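What the coordinates show
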Amino acid sequence: GGWYCFNRENCDTRYDTMRRLMSSREWPATRVGTGILSSQPEENPHWWNANMVFIPYCSSDVWSGASSKSEKNEYAFMGALIIQEVIKELVGKGLSTAKVLLLAGSSAGGTGVLLNVDRVAEQLEEMGYQGIQVRGLADSGWFLDNKQYHRTDCIDTITCAPTEAIRRGIRYWNGIVPERCKLQFKEGEEWNCFFGYKIYPTLRCPVFVVQWLFDEAQLTVDNVHLTGQPVQEGQWLYIQNLGRELRNTLKDVTASFAPACLSHEIITRNHWTDIQVKGTSLPRALHCWDRSLHESNKNGKAPLKGCPIHLIDSCPWPHCNPSCPTIRDQFTGQEMNVIQFLMHMGFDVQKMAQQQGLEPSKLLGMLSSDN
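Residues numbered from 1 in each chain as written. Predicted model: local features only at pLDDT ≥ 70, side-chain atom pairs only at ≥ 80, totals over all residues. Heavy atoms only, no water.

Under an unreviewed UniProt entry, the name given to the protein is NOTUM carboxylesterase, and the organism recorded is Tyrannus savana. Of the protein, the UniProt comment under Sequence similarities (unreviewed entry) reads exactly: "Belongs to the pectinacetylesterase family. Notum subfamily." (UniProt positions renumbered as here; feature names shortened; annotations may be inferred.)

What follows concerns the packing of aromatic side chains. Counted by the stated rule, this structure contains 11 aromatic pairs. Each ring, one from Tyr 15 and one from Tyr 75, has its centre 6.3 Å from the other, and the planes form 55°; the classification is tilted. Of this pair, Tyr 15 sits in helix H1 (residues 8-17) while Tyr 75 sits in the loop between H1 and helix H2 (79-91), placing them 60 residues apart in sequence. Taking relative accessible area as the criterion, Tyr 15 reaches 27% and is therefore assigned partly exposed. Judged by relative accessible area, which is 13%, Tyr 75 ranks as buried. (Phe/Tyr/Trp six-rings, centres within 6.5 Å; stacked < 30°, edge-to-face > 60°. Helix = DSSP H or I, 4+ residues; strand = E, 2+ residues; numbered from the N terminus. Buried < 20%, exposed > 50% of the residue type's maximum accessible area, 1.4 Å probe, protein only.)

Enumeration over the complete set of coordinates arrives at 6 disulfides. Between the sulfur atoms of Cys 261 and its disulfide partner Cys 324 the distance amounts to 2.0 Å. An S-S torsion of about -85° defines the bridge between Cys 261 and Cys 324 as left-handed. With a gap of 63 residues between them, Cys 261 in the loop between strand E5 (255-258) and strand E6 (262-263) and Cys 324 in the loop between strand E9 (310-312) and strand E10 (327-328) connect regions that are remote in the sequence. (Disulfide = S-S within 2.5 Å.)

Taken together, the side chains of Glu 122, Glu 125, Glu 126 and Glu 179 define an acidic patch exposed on the protein surface. Broken down by element, the residue count for the negative patch peaks at 3 residues, all from helix H3 (residues 108-126). Along the chain, Glu 125 falls in helix H3. (Patch = residues over 30% accessible without salt bridge, like charges linked within 9 Å, V, L, I, M, F, W, Y side chains within 5 Å. Areas by Shrake-Rupley, 256 points an atom, 1.4 Å probe, with all protein chains shown as cover. Salt bridge = Lys/Arg side-chain N within 4 Å of Asp/Glu carboxyl O. Lys, Arg positive; Asp, Glu negative; His and termini not counted. Charge placed at Lys NZ, Arg CZ, Asp CG, Glu CD.)

Time to look at the nonpolar core. If you look at the biggest cluster of nonpolar residues, it comprises 79 residues, and the most contacted ones within it are Val 62, Leu 124, Trp 173 and Phe 194. Ranked by residues supplied to this core, first place goes to H3 with 8 residues. The contact partners of Leu 124, leaving out residues within four places of it in the chain, are Ile 87, Val 91, Leu 95, Leu 101, Tyr 129, Ile 132 and Val 134. Trp 212, Ile 275, Ala 285 and Cys 307 belong to the second largest nonpolar core, which has 25 residues in total. (Core = buried A, V, L, I, M, F, W, Y, C linked by side-chain atoms within 4.5 Å. Contact = heavy atoms within 4.5 Å.)

With that out of the way, let us pick up the sheet that holds strand E2 (residues 133-139). Taken together, the 5 strands give an open sheet; going across it, the order is E1-E2-E3-E5-E9, and neighbouring strands pair in parallel fashion. Since the sheet does not close on itself, it has two edges, and those belong to strand E1 (100-106) and E9, each with one partner. Here the average twist between neighbouring strands, direction ignored, is 15°. Pairing of E2 with strand E3 (residues 207-210), which is carried by 4 bridges, proceeds in the parallel orientation. Bridging across to E3, Leu 137 finds its partner in Phe 208. (Pairing = 2+ DSSP bridges. Axes fitted to C-alpha atoms, helices over the stretch in contact; angles between N-to-C directions.)

In structure tokens:
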């Protein structure tokens, strides 16, 4: 992950300020895997001993580009080609005998999974490896092409509305989207395939979607900024509505994990085992999904009993799930509990209690008792 850039100016700025996302020249020689990439059983209970390959991001094109450096373009965007080359190279390193390949990514990498998972499966089939089951794990890459809270002109990556940024990006990167998704939309409308809820129904490979209901990157591109001042009522309603809309787009997603938290990215965080939805942690849900795919390959049975894979919080505001990651005040760095956070957000206890048909003291009691 790491956003993207979509024109000469903002790619130049990115090159000056975030070189590691544009070039491999200054990458460290080694990295320690965390979360799902950890080799410690405590941190990664189910896949600590799997073969893992980490593909860092330097293509700035949501893993979709296929354009080399040219007279017209100072930069090369080769995200889609990088993935294909990595797969080619891995076949000679043992991938050819694998049973399962899980293509996983966070943020722009999560969207990259949605864009590339079927293409990887097709590539392996064409190379004669039909036996490898290809699956996707998309973390924090399921964005909405919703209306911004305040409309802004498309000046840079952060202020540009998601659809406009991607529309410009595809042209600039020579972005590739999967054929089956492309066929659903008119020519020039390929940007639709960068949005999870539009591409997901066209995918053949099983994909597990992990998405915070109140994703910080989504709120940023929607121009909801939660720093300093208490949130105005309009913003508060917008945030709650965002959670509802997102929950709606996930209702037909077979395998999903969507906590009602304000956060971004999770699978490579070392606290990824702590977050729960309806009493189930993410590693357990992924393990259930893995097993259910394994079982259904054998005999097409119903989902495994007591092993949930469709987990979406139903409570309505950020951090109403007690297992959410800790929030810090962006100015003081102090940790905040849920009530402090909600007050900071301008949460009106009286009014909320009324809406929920509760006494204010009861609502506060529920919030503070992790209920």
